[in-house]
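Single-letter residue listing:
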Amino acid sequence: MKQLRLHIYIVLGFFLVTFILGSFFDEAVSQAIYSNKNTFGLIISVIGTLPGYGMFALMGGGFLALGLRKDAKVWLKVLFIILGVGLTLLGVYFSGREFFGDNGFYWLGVPTFVGYFIALPVMGGLGFLGYWIVFKSNKEFLWLLFTILAVAVFMSLVPGVTMLKSIFHRPRFRSLGGEVEFHSWWEPCTNYKLLMEHTGLANEEFKSFPSGHAGAAAVFMFASLIPLIDEKYQKLQLPIFYGGLAWVLLVAFARILVGAHFLSDVSMGAILTLICLLIANEVLIHLKQFKEVKEDSIEK
């Protein structure tokens with residue numbers, strides 16, 4: 001965990017640099033690579049959040065396994081089963097709406113709810129993986145690890161990004177032109193409702209900052225904490241972390257490519273998630289230290 005801390009700081013520093021660069025060169029970067037309805041960019045945009053939202057399903061499966069253990073108290077069984085099903089369904093909901101929603105293949109005219117049927121087997125598979133990992137482990141306090149992960153993932157995906165989007169209402173690059181002008185991330189678009197009325201643009205086109213897709217993709221890196229369940233998985237921690245980083249960079253590029261976000265948007269989305277990952281990691285470090293001190297005192 002302490003080793004992971006250093007790597008989180010390094011990646012946070014990288015995204016902070018790109019955020020600063022984006023603050024000055026957002027428009028220039030987007031103009032240089034923008035490709036309207038680029039197939040590659042759209043496909044990555046659609047599937048880019050699956051690993052991140054899949055963390056909900058993975059934790060859901062873990063909670064379900066905890067709830068089905070014979071040694072658990074009845075009220076804990078009920079609580080864990082509800083959490084397990086609820087988190088898995090959240091994964092299905094968040095990922096399913098991407099396929100044919102405003103950020104997916106919306107022009108095909110396919111109802112948004114069809115995406116949920118596509119997401120269901122994917123999230124179900126990840127849920128089963130979480131169930132299997134916990135089922136095979138005899139480590140104590142798994143419920144605490146999964147609770148910390150669930151809270152951190154939720155905080156990185158929902159409150160921060162949603163609240164900031166509702167404050168800034170930054171226009172997306174693909175919507176610029178005519179009455180819609182470029183806004184730096186620190187310039188709230190206070191007349192966005194008037195622009196929606198005059199231009200016919202949807203509210204979704206004024207949610208550029210920060211990037212929810214980049215934040216959700218960065219949640220993939222939370223999987224680097226899963227090896228804590230069993231010592232034999234420890235060697236996978238850094239490969240998972242940097243595999244998640246590679247995915248974030250791919251999704252961030254795709255979102256800029258299709259004009260959905262600017263460089264500063266995707267950087268801030270990743271930063272918010274990484275801060276939550278850092279906090280979760282620090283909590284787990286201190287819990288481990290507390291447990292070790294407690295065990296030493298008992299032995300003495």
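Coordinates for the structure precede this section.
Residues numbered from 1 in each chain as written. Predicted model: local features only at pLDDT ≥ 70, side-chain atom pairs only at ≥ 80, totals over all residues. Heavy atoms only, no water.

Caption draft 1: Representation of the overall build of the chain within the structure. The secondary structure content of the chain amounts to 11 helices and 0 strands. Rg of the C-alpha trace for the chain: 21 Å, near the compact-globule value of 19 Å for 300 residues, within the 12% margin. For the chain, the spread of C-alpha atoms along the three principal axes comes to 75 × 40 × 30 Å. Here the analysis covers contacts within the chain between residues at least 6 apart in sequence; of these, 79% occur between residues at least 24 apart. When the accessible surface of the chain is split by element, carbon and sulfur atoms take 70% of a total near 14500 Å². (Helix = DSSP H or I, 4+ residues; strand = E, 2+ residues; numbered from the N terminus. Rg over C-alpha atoms; globule rule 2.2 N^0.38 Å. Contact = heavy atoms within 4.5 Å. Areas by Shrake-Rupley, 256 points an atom, 1.4 Å probe, with all protein chains shown as cover.)

Caption draft 2: Spotlight on the nonpolar core. Within the largest apolar cluster, 59 residues are counted, with the highest numbers of intra-cluster contacts made by F222, L225 and L274. If one sorts the elements of this core by residue count, helix α11 (residues 263-299) sits on top with 10 residues. Once you skip the residues sitting within four places of it in the chain, F222 turns out to touch M55, L149, A152, V153, S156, T273, C276, L277 and A280. Membership of the second largest hydrophobic core comes to 8 residues, among which are L50, A57, V92 and M123. (Core = buried A, V, L, I, M, F, W, Y, C linked by side-chain atoms within 4.5 Å. Buried < 20%, exposed > 50% of the residue type's maximum accessible area, 1.4 Å probe, protein only.)

Caption draft 3: Spotlight on the environment of M55. Here M55 lies in helix α3 (residues 50-67). In sequence terms M55 and L90 are 35 residues apart; their C-alpha atoms lie 10.0 Å from each other.

Caption draft 4: Representation of helix α6 (residues 142-157). With 16 residues, α6 should reach 22 Å at 1.5 Å per residue; the first-to-last C-alpha distance of 22 Å fits that figure. Looking only at α6, the buried set comprises L142, L145, F146, I148, L149, A150, A152, V153, S156 and L157. (Expected span 1.5 Å × (residues − 1).)

Caption draft 5: How the structure looks around the packing of aromatic side chains. Tallied over the entire structure, the rule returns 18 aromatic pairs. Taking 6.0 Å as the distance between ring centres and 25° as the angle between the ring planes, the aromatic pair formed by Y93 and Y116 counts as stacked. Within this pair, whereas Y93 is found in helix α4 (residues 74-99), its partner Y116 is found in helix α5 (residues 114-135), the two being separated by 23 residues in sequence. What makes Y93 partly exposed here is its relative accessible area of 40%. (Phe/Tyr/Trp six-rings, centres within 6.5 Å; stacked < 30°, edge-to-face > 60°.)

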